[in-house]
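# Structure at a glance
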Amino acid sequence: MLLDSLSKTRRVVCSDSYFSIGHHHHRCEDYTLHFVSEDGCGWGVLSDGCSSSSYSDVGARLLSLSAQQHILLKQAFSERDFDAILTSAEVSCSLLGIPVEALDATVLIGKLDSAGIAQIWGVGDGVLAWVSQKGEFHAQAVRFPSGAPSYLSYRLSEQQMNIHDAINPFCEMHFLNDSTVEQWPAGAWCVELRDVVGLYLFSDGLESFCSEREILSPLEPLQELLRIRSFHGSFVQRRCHRFLNKECSAHGWHHFDDFSMVGIHLGEVYED
Amino acid sequence: MPLLTRSTLQSHTIPGSNFTFSAASIQGLSASEYTISTITIDTSGSVHPYIDEIEKAAQNIVTACRQSPRSENIMLRTVEFNSALVETHGFKTIPTCDPANYHKIFTAQGYTALYDATINSVESLGSYGRSLYDHDFDVNGIIFVITDGGDNNSKRGASDVKASIHRLRRSECLDSLLMILIGVNVQDASLSQSLERFSKEADFDHYIELADADPNTLAKLSRFVSRSISLQSRSLGTGNAPRLTF
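Thresholds, definitions, all that
Residues numbered from 1 in each chain as written. Chains lettered and ligands numbered in written order. Predicted model: local features only at pLDDT ≥ 70, side-chain atom pairs only at ≥ 80, totals over all residues. Heavy atoms only, no water. Helix = DSSP H or I, 4+ residues; strand = E, 2+ residues; numbered from the N terminus. Buried < 20%, exposed > 50% of the residue type's maximum accessible area, 1.4 Å probe, protein only. Contact = heavy atoms within 4.5 Å. Areas by Shrake-Rupley, 256 points an atom, 1.4 Å probe, with all protein chains shown as cover. Lys, Arg positive; Asp, Glu negative; His and termini not counted. Charge placed at Lys NZ, Arg CZ, Asp CG, Glu CD. Salt bridge = Lys/Arg side-chain N within 4 Å of Asp/Glu carboxyl O. Pairing = 2+ DSSP bridges. Axes fitted to C-alpha atoms, helices over the stretch in contact; angles between N-to-C directions. Left-handed = near helix turned anticlockwise from the far one by under 90°. pLDDT = per-residue confidence, 0-100. Core = buried A, V, L, I, M, F, W, Y, C linked by side-chain atoms within 4.5 Å. Phe/Tyr/Trp six-rings, centres within 6.5 Å; stacked < 30°, edge-to-face > 60°.

Secondary structure assignment for chain B yields five helices and eight strands. Reading chain B from its N end, one meets helices and strands in the order β-β-β-α-β-β-α-β-α-β-α-β-α. Seen along its three principal axes, the alpha-carbon backbone of chain B occupies a region of about 45 × 40 × 35 Å. Here chain B, with 246 residues, has 57% of them falling under the buried criterion. For chain B, long-range pairs separated by at least 24 residues make up 80% of all intrachain contacts whose partners lie at least 6 apart in sequence. Split by element, the accessible area of chain B, about 10400 Å² in all, is 47% carbon and sulfur. Looking at charge distribution, chain B has the averaged site of its 21 positive side-chain charges lying 4 Å from that of its 27 negative ones.

In structure tokens:
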């Protein structure tokens, strides 16, 4: 298609998300939200509830919705805001008559603006991936050596915080591209990136994909999931649906934990 | 300079052929799955006596499809054929199809290039379906070929129609494909046999024969077409096509 050299383009952020129950679960305790704020920034929120805590499927939703509401009101987010999200979700639990252990969940929040600056804030584990403007792909997995990730709800009890701090003096940031590992603060962490065109967040369900013989490296499903050709509309849902329903069947893969994905993409549109 | 908006249809050429078609830009599509449908309408000279009823039927199909709860997931392309093939409009979502645009659009003239028109419809739907599939959309298809006469002007034959339908079915980009041949105003036994033979040779799923083209019959045809499109849309994701009854 021939374009007039005077055509103007502008950078626009779009976002989408998806969550799906794992083979070994009866309820999906992952939840995701995505939205674009008034200033044109794309946001994604992902929460993974603890499968052994009651009502954590509800808790994951409450935390995600609280985060969204907080961000839309403030039009911003920082690590300090995790407490406000928790307080809001705790009130919701009280009104619903469900125990606060429902809030035993991770929370990952991602933001991508039209300048290509990405920020991710997290409490708990998960996988982050991004694509740079040069088309380079990067991924890192947040893992807790104890096997028990941080949950936002621990902040409600000094005793629980002490137990958590004792078993999780740090979390590990595994850089999947070069297999290096760094120790990061266990309570809450933040990542800031530049020159990003695509930002993706995953729950640790990405690390639960397996074949008949073995658990897969997260890079294998990740590279398939990021083969997105069209970023309009429900682009993450389409990719996940195709990957889970057709490509995984073809490979003989399945995921035993709940799986969720948030995608935020920076693209260009022509000015009308 | 073309104005690039979400409502602009883009022109496509089918690889290896001179056939072209137009379709909504994939970048502007918001749903995750689509039923892509084509209505291929004979406008040869013989349909002149009831061309207005044919247009009315096309309008009614669009009107009914717009009322479907799945209308956002249905795309329609309308093609008229006689000695030549003219695309009334390319693949576009039902909410963007305006029944008023079907008023006085067909001109009854010329011969009946039935086989060429069917091949164009199949290959255009297959090409667009493949594009959608490659962009992670789930897709199924349904094609209606509506004619009042046998072929007398095509460059290709019934076996070529069968080959193109089989290629499309084998490509696996469509969840399912329904091919329906409809004979309108079939009052001649030899025409009936000819169309039935074509339907079998080309491997259509259904052949429906209408003995006349009066308003009631064409109204029933409209209801059948819109209902079939809606049923095919609801079966998307199952890997199967619905059972259709006229």
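The next thing to look at is the pattern of salt bridges. If charged atoms from side chains of opposite charge come close, those side chains can pair. Residue and element names in this part refer to chain A. Applying the stated criterion to the full structure yields 17 salt bridges over all chains. We note a salt bridge from D57 to R27, for which the minimum N-O separation is 3.9 Å. Of this pair, D57 sits in helix 1 (residues 56-74) while R27 sits in the loop between strand 1 (9-20) and strand 2 (30-36); the two residues are 30 residues apart in sequence, bridging distant segments of the chain. The class for R27 is partly exposed, based on a relative accessible area of 49%.

So, on to the pairing of strand 11 (residues 196-202) of chain A. Residues and elements named next belong to chain A. Among the seven residues of strand 11, seven are classified as buried, and the element is accordingly described as predominantly covered. Strand direction decides the pairing type here: strand 6 (residues 126-132) and strand 11, joined by six bridges, are antiparallel. Bridge pairing in strand 11 links V127 to F202.

Let us now look at the packing of helix 1 (residues 51-66) of chain B against helix 5 (residues 215-234) of chain B. Residues and elements named next belong to chain B. One way to put it is that helix 1 packs onto helix 5 with a least axis distance of 8 Å and a crossing angle of 35 degrees. Seen from above, helix 1 lies across helix 5 with right-handed handedness. Of the residues in helix 5, those touching helix 1 at E53, I54, A57, N60, I61, A64 and C65 are P215, L218, S222, V225, S226 and I229.

Even without a glycine there, the phi angle at D195(A) is positive, about 55 degrees. Residue position: D195(A) is located in the loop between strand 10 (189-193) and strand 11. D195(A) sits in the partly exposed class, given a relative accessible area of 46%. Of note in the backbone geometry, K104(B) takes a positive phi value of approximately 55 degrees without being a glycine. Looking at the element boundaries, K104(B) is found in the loop between strand 5 (85-93) and helix 2 (114-134).

Residue and element names in this part refer to chain A. Tracing the sequence through the fold places Y151 in the loop between strand 7 (137-143) and helix 3 (158-167). Assessed through its relative accessible area of 11%, Y151 is described here as buried. Linking Y151 and E101, residues 50 residues apart in sequence, is a C-alpha distance of 9.8 Å.

Okay, the confidence of the model for chain B next. Residue and element names in this part refer to chain B. Of the residues in chain B, 97% reach a pLDDT of 70 or more, and the chain-wide mean stands at 92. Contacts for the low-pLDDT stretch residues 1-6, under 50 throughout, to residues beyond four places or in other chains number eleven contacts. With a pTM of 0.84, the predicted complex shows an ipTM of 0.74.

Right, let's talk about the nonpolar core for a bit. All names here are of chain B. Core analysis: the largest hydrophobic core is formed by 42 residues, its most contacted members being L29, I36, M75, Y128, L132 and F198. The set of elements that each furnish at least two residues to this core consists of strand 2 (20-24), strand 3 (33-42), strand 4 (74-81), helix 2, strand 6 (138-147), helix 3 (158-171), strand 7 (177-183) and helix 4 (189-202). It is helix 2 that contributes the most residues to this core, nine residues altogether. Residues in contact with M75, not counting those within four places in the same chain, are A24, L29, Y34, T35, I36, S37, F91, K92, T93, Y128 and L132.

This paragraph deals with the confidence of the model for chain A. Summary statistics for chain A give a mean pLDDT of 92 and a share of 96% for residues scoring 70 or more. Low pLDDT (under 50) marks residues 1-5 of chain A, which in the prediction has six contacts with non-local residues, meaning those over four places away or in another chain.

Attention now moves to the packing of aromatic side chains. The description of an aromatic ring pair rests on the distance of the ring centres and on the angle between the ring planes. According to the stated counting rule, one finds 20 aromatic pairs over all chains in the structure shown. Geometrically, the ring pair formed by Y18(A) and F259(A) is tilted, given 6.5 Å between the ring centres and 55 degrees between the ring planes. In this pair, Y18(A) is assigned in strand 1 and F259(A) in strand 14 (residues 259-270), connecting sequence segments 241 residues apart. F259(A) carries the same exposure label as Y18(A), and that label is buried. Both rings, one in F21(B) and one in Y128(B), keep their centres 6.4 Å apart while their planes meet at 70 degrees; by these two values the pair is edge-to-face. Here the residue F21(B) occupies a position in strand 2, and Y128(B) occupies one in helix 2, the gap between them amounting to 107 residues. Both residues of the pair, F21(B) and Y128(B), belong to the buried class.

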